[in-house]
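What follows is each chain in one-letter form.
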Amino acid sequence: MSAKATNVVEDAKFSPFHLKLTIYSSGGPFLDGYILSIIAIALTQITPQLHLNAMWSGLIGASALIGIFIGGFLGYVTDKFGRQLMYTIDFILLIVASILQFFVHNAWELFALRIVLGISVGADYPIATSLLTEFAPRRHRGMMLGVTLVAYYVGSTVAYLVGQWMLAIGPEAWRWILASSAVPAVILVLLRMGTPESPRWLLQQGRKDEALQVLQSVYGPEASLADIEVPAESKGRTSYLKLFSRAYVKRTLYVGLFYMAAVAPLFAMLTFGPEMLTSYHLFTGASGYGAAIISALFLIGCIPALFLVNRWGRRRLIIIAFAGMTVGIALLGFFPSGPLAIILLGFILYALFSGGPNVMEWLAPNELFPTEVRGTAVGITTCISRFGAVFGTYLFPWGLSRFGIGPTMLVGALVTLGGLVVCILLAPETTQQTLNEASVADVARSHRHSTAGARQSQSVRHISR
């Protein structure tokens, strides 16, 4: 790549456009955190009114995650038809489903509507993060994608506070609580209107004039298509199978498995935060506020990770983070009855160290896969992660009632330890690489190096003659 290409796009300054795109793209994670956490407050009223047993509590708690699992497959759509179109309309479905929750009369209706909510959020992840990645300069890519995960915990914290406050409405407050997610969704739809299409996607589709027009509108008249030219070895057809080819299967397993290990215990804890805190005899009578404090700790944990992701590097950050998370959740499992200092230390360690995987959950799949399958990769790895999160969230209330909080948290510690092993074995290092460099397949990279080595050997033999 020429010096001009690197200077104009990959080394561009962080602009007001990048700031707006980061904020707008954070809407999906914000709503994910809001929707997943608001149900925890609503369930305190829904459970007695709809006569929910542990099975139905688990199903309704996990329903949005099931929807996200389904919605993740729509990552293929954004690779096929573009980022911008779906980016502006995917939340309309969420608005409708949010409002319809107000009118449900049984567990089945609520379960179905929350699956629809999850589908909308799950579809937005590959759409929004692909668009954000393809505009992000390499120096700021980690920060920009990391901020979207910060938005998740902002949404979660806001949901707990709003939910606890709205409980004062009365016994039917849960209907207003669940419908409240329509408000931020409407705001985000309006804000996203007019966002340009990804120039990398346009170029990949052969729409060169449109790609150049977008590039120059964002980066200035000196920008050219050479700035985003895709390397020949990463070009190919959009296909789910490409993610499991010899070139990319290691990356797919790495992202999907570490993502699953990170969110399986986490989502269960956030969805059933009030019940979990009650088991530890914390914040009795105001568990919504207690859950908001726990969620705020997760939010705080993301902040140092935003800065360390470039300073430490991707691989070192995620390995250290998983190690700290494992220690934290193990303390919660081994000391379910206290002392209080140990319980608080466990929560703090798990929440603060979770910032590393949180930042990497969007950064890794967007960096490690090329433009034509980037949305597909985000979608599929999200599906893999939600597969574990669904089971974790569904089984959490069952584990609490059957075995108690200690053994339940120890299972979460084993899952987190598995994530640490995955990162040690599979995590690559892509810090400071351009998007094209980071997304070059391992096989192509090895072939390029071996070809260069063969040429060097031939030159040595030629000189020796």
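Details of the structure are given in the entry above.
About the cut-offs
Residues numbered from 1 in each chain as written. Predicted model: local features only at pLDDT ≥ 70, side-chain atom pairs only at ≥ 80, totals over all residues. Heavy atoms only, no water. Axes fitted to C-alpha atoms, helices over the stretch in contact; angles between N-to-C directions. Helix = DSSP H or I, 4+ residues; strand = E, 2+ residues; numbered from the N terminus. Left-handed = near helix turned anticlockwise from the far one by under 90°. Contact = heavy atoms within 4.5 Å. Parallel < 35°, antiparallel > 145°, perpendicular 65-115°, else oblique. Nonpolar A, V, L, I, M, F, W, Y, C, P; charged D, E, K, R; others polar. Patch = residues over 30% accessible without salt bridge, like charges linked within 9 Å, V, L, I, M, F, W, Y side chains within 5 Å. Areas by Shrake-Rupley, 256 points an atom, 1.4 Å probe, with all protein chains shown as cover. Salt bridge = Lys/Arg side-chain N within 4 Å of Asp/Glu carboxyl O. Buried < 20%, exposed > 50% of the residue type's maximum accessible area, 1.4 Å probe, protein only. Core = buried A, V, L, I, M, F, W, Y, C linked by side-chain atoms within 4.5 Å. Domains from an automatic or database assignment.

Visitor: Help me understand the packing of helix H4 (residues 54-72) against helix H7 (residues 107-135) in this model?
Guide: For any two helices packed against each other, one specifies the inter-axial angle together with the distance between the axes. Viewed as axis vectors pointing N to C, H4 and H7 meet at an angle of 30 degrees, and their least axial separation amounts to 6 Å. Pair H4 / H7 crosses with right-handed handedness. Between H4 and H7, the contacting residues are Trp56, Leu59, Ile60, Ser63, Ala64, Ile66, Gly67, Ile68, Ile70, Gly71 and Gly72 on the first element and Ala107, Trp108, Leu110, Phe111, Arg114, Ile115, Gly118, Ile119, Val121, Gly122 and Ala123 on the second.

Visitor: Mind showing me how you'd approach the packing of helix H8 (residues 138-166) against helix H13 (residues 249-271) here?
Guide: Viewed as axis vectors pointing N to C, H8 and H13 meet at an angle of 20 degrees, and their least axial separation amounts to 12 Å. Accordingly, the angle class assigned to the pair H8 and H13 is roughly parallel. Residues Tyr152, Tyr153, Ser156 and Tyr160 of H8 form the contact with H13, whose participating residues are Leu266, Phe267, Met269, Leu270 and Thr271. Classifying every residue of the contact of H8 with H13 by side-chain character gives seven nonpolar, two polar and no charged.

Visitor: Help me out: how do you make sense of a nonpolar patch on the surface in this one?
Guide: A grouping of Leu85, Ile89, Ile92, Val96, Ile99, Leu100 and Phe103 is seen on the molecular surface, where their side chains present a nonpolar patch of about 620 Å² in accessible area. Structurally, isoleucine 92 can be placed in helix H6 (residues 84-100). With a relative accessible area of 43%, isoleucine 92 lands in the partly exposed category.

Visitor: Sorry, what's going on with the environment of isoleucine 119 here?
Guide: In this structure, isoleucine 119 sits in helix H7. Residues contacting isoleucine 119, with those up to four places away along its chain left out, are Gly67, Ile68, Ile70, Gly71 and Leu74.

Visitor: Would you mind showing me how to read the nonpolar core here?
Guide: Generally speaking, a soluble globular protein has its nonpolar side chains buried in company with each other. Counting residues in hydrophobic clusters, the biggest one holds 140 residues, and the most contacted among them are Ile46, Tyr254, Phe258, Tyr280, Ile318, Phe347 and Met409. Counting residues domain by domain, this core receives three or more from each of domain 1 (14-195) and domain 2 (238-455). Each residue touching phenylalanine 347, except ones within four places of it in the same chain, is listed here: Met269, Met276, Leu277, Tyr280, Leu282, Ile294 and Leu332.

This is a description of form; function is not addressed.
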